[in-house]
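Letter by letter, the chains look like this.
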Amino acid sequence: MIPTQVITISRHIMEQERKYPEASGEFSGLLSDITLAVKLIARDVRKAGLVNILGLTGSENVHGERVTKLDEYANRVLYDILGRTGHLCVLASEEAHSILTIPEGYPHGKYVFLFDPLDGSSNIDANATIGTIFSVQKRISAGGPGTLEDCLQQGSRQVCAGYIVYGSSTMFVYTTGHGVHGFTYDPTCGEFLLSHEDIKIPEKGKYYSVNEGNYHSWADDTKKYIDWLKETDKATGRPYGLRYIGSLVADVHRTLLYGGIFLYPGSVKKPEGKLRLLYEASPLAMVIEQAGGEATDGKTRILDIIPKDLHQRTPLIIGGKDEVGTAQRFLNT
Ligand code: AFP
């Protein structure tokens, strides 16, 4: 017997679209394509150790980081599937220097797809949680092949954003601007099933998440904030516990569910920080804001930043409303 409350991603997006008569239905097609690509990536993430796919390719990506085989595979799967279905006019990946055009002979659609194919890839060999992060924008160019300008849009213009975590189970979390919904993959029926409806991030939490090994490179206000989190004060729930995986998608997913704050601040020498605006900060900021939280670079709301470069980096402070508010008070003194 199939329980009536079983809702797949496709059914969920169709039901959401029914509430908005202006929706063309094209978007549900794009989401099904993303789901298919993700199932293929999840399948290979799960059997990584078995098929000898682990290990490095020997090359470096545009950021000078070592690229693993699984990164390349995830990048290729997303491009090959999404580039050919007629929903997109251009793609951009954290792993590629320039925009990715639609393959010759395939139609151009109205959406733009930006993605980090496998975030946290340095964790692959240790079997720790990794993920895929994506962002969808509507094209601003008139027609034909999409352009760089289509990719360089403010985060507040995203029509959809989400991520997939390949953890103890595989989970697909997305928002189209009407709340955040999470789906857990059921391998027995090959579907993502609605498991977390309308997720809300707790305003206050008990964890902070930051690479504290960088402490001595931070500006004094950042150091003061982290020191404050570790002081003992019952009334404000301190000290906070520290949780850090080094896989942004996993650290933010935990923060979304349990509350708290994640930070990747800039350093004195590198004030722009490490994380990428378009492939990491912006999509996660949309998810967290839709769940009632906040995301900032310390001064500006992440979703208000106008990107100038495909691989632009930004400091990221993201989490519950109260938490981010407190952090900002420290960072703006
Ligand atoms: P990789 O995908 O190359 O592993 O990068 C992961 C990441 O961009 C992000 O997911 C982490 O939060 C961050 O780097 C971790 O960086 P540190 O190792 O400097 O803490």
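All values reported here derive from a predicted model rather than from experimental measurement. (Residues numbered from 1 in each chain as written. Predicted model: local features only at pLDDT ≥ 70, side-chain atom pairs only at ≥ 80, totals over all residues. Heavy atoms only, no water.)

Some details on the pattern of salt bridges
Here the structure, examined in full by the defined rule, presents 13 salt bridges. Put simply, Lys200 and Asp198 hold a salt bridge, and the shortest N to O gap is 3.5 Å. Of the residues examined, Asp198 reaches a relative accessible area of 38% and is grouped as partly exposed. Between Glu212 and Lys230 there is a salt bridge, with its nearest N and O atoms 2.5 Å apart. Linking Glu212 in the loop between β11 (207-209) and α5 (220-230) with Lys230 in helix α5, this pair joins segments that are 18 residues apart in sequence. (Salt bridge = Lys/Arg side-chain N within 4 Å of Asp/Glu carboxyl O. Buried < 20%, exposed > 50% of the residue type's maximum accessible area, 1.4 Å probe, protein only. Helix = DSSP H or I, 4+ residues; strand = E, 2+ residues; numbered from the N terminus.)

Looking at the packing of helix α2 (residues 26-46) against helix α3 (residues 69-82)
Interaxial distance between α2 and α3 falls to 9 Å at its minimum, and their mutual angle equals 155°. Here α2 lies roughly antiparallel to α3, going by the angle between them. Taken as a pair, α2 and α3 cross one another with a handedness that is right-handed. For the pair α2 and α3, contact is made by Leu30, Asp33, Ile34, Leu36, Ala37, Leu40, Ile41, Arg43, Asp44 and Val45 and by Leu70, Tyr73, Ala74, Val77, Leu78, Ile81 and Leu82, respectively. Of the residues belonging to the contact of α2 with α3, the class tally is 14 nonpolar, no polar and three charged. (Axes fitted to C-alpha atoms, helices over the stretch in contact; angles between N-to-C directions. Parallel < 35°, antiparallel > 145°, perpendicular 65-115°, else oblique. Left-handed = near helix turned anticlockwise from the far one by under 90°. Contact = heavy atoms within 4.5 Å. Nonpolar A, V, L, I, M, F, W, Y, C, P; charged D, E, K, R; others polar.)

What about the site of the ligand?
Asp119, Asn211, Tyr244, Leu248 and Tyr264 are the nearest of the 16 residues found near the ligand. Backbone polar atom of Gly120 to an oxygen atom of the ligand: 2.8 Å apart, as the coordinates give it. Backbone polar atom of Ser121 to an oxygen atom of the ligand: 3.0 Å apart, as the coordinates give it. Against a free-state accessible area of 480 Å², the protein chains account for coverage of 84% of the ligand. A class-by-class count of the residues in the shell around the ligand yields five nonpolar, six polar and five charged. (Near = heavy atom within 4 Å. Polar contact = N/O pair within 3.5 Å; in protein donor to acceptor, adjacent residues only side chain to side chain. Areas by Shrake-Rupley, 256 points an atom, 1.4 Å probe, with all protein chains shown as cover.)

As for the nonpolar core
Core analysis: the largest hydrophobic core is formed by 41 residues, its most contacted members being Ile34, Leu82, Phe113, Leu118, Phe134, Tyr166 and Phe172. In terms of residues, this core owes the most to one element, α2, which gives nine residues. Phe113 has contacts with Ile34, Leu78, Leu82, Leu88, Val90, Leu91, Ala92, Phe134, Ser135 and Val136, leaving out every residue within four places of it along the chain. Counting residues in hydrophobic clusters, the runner-up holds 30 residues, among them Val180, Leu277, Ile302 and Ile318. (Core = buried A, V, L, I, M, F, W, Y, C linked by side-chain atoms within 4.5 Å.)

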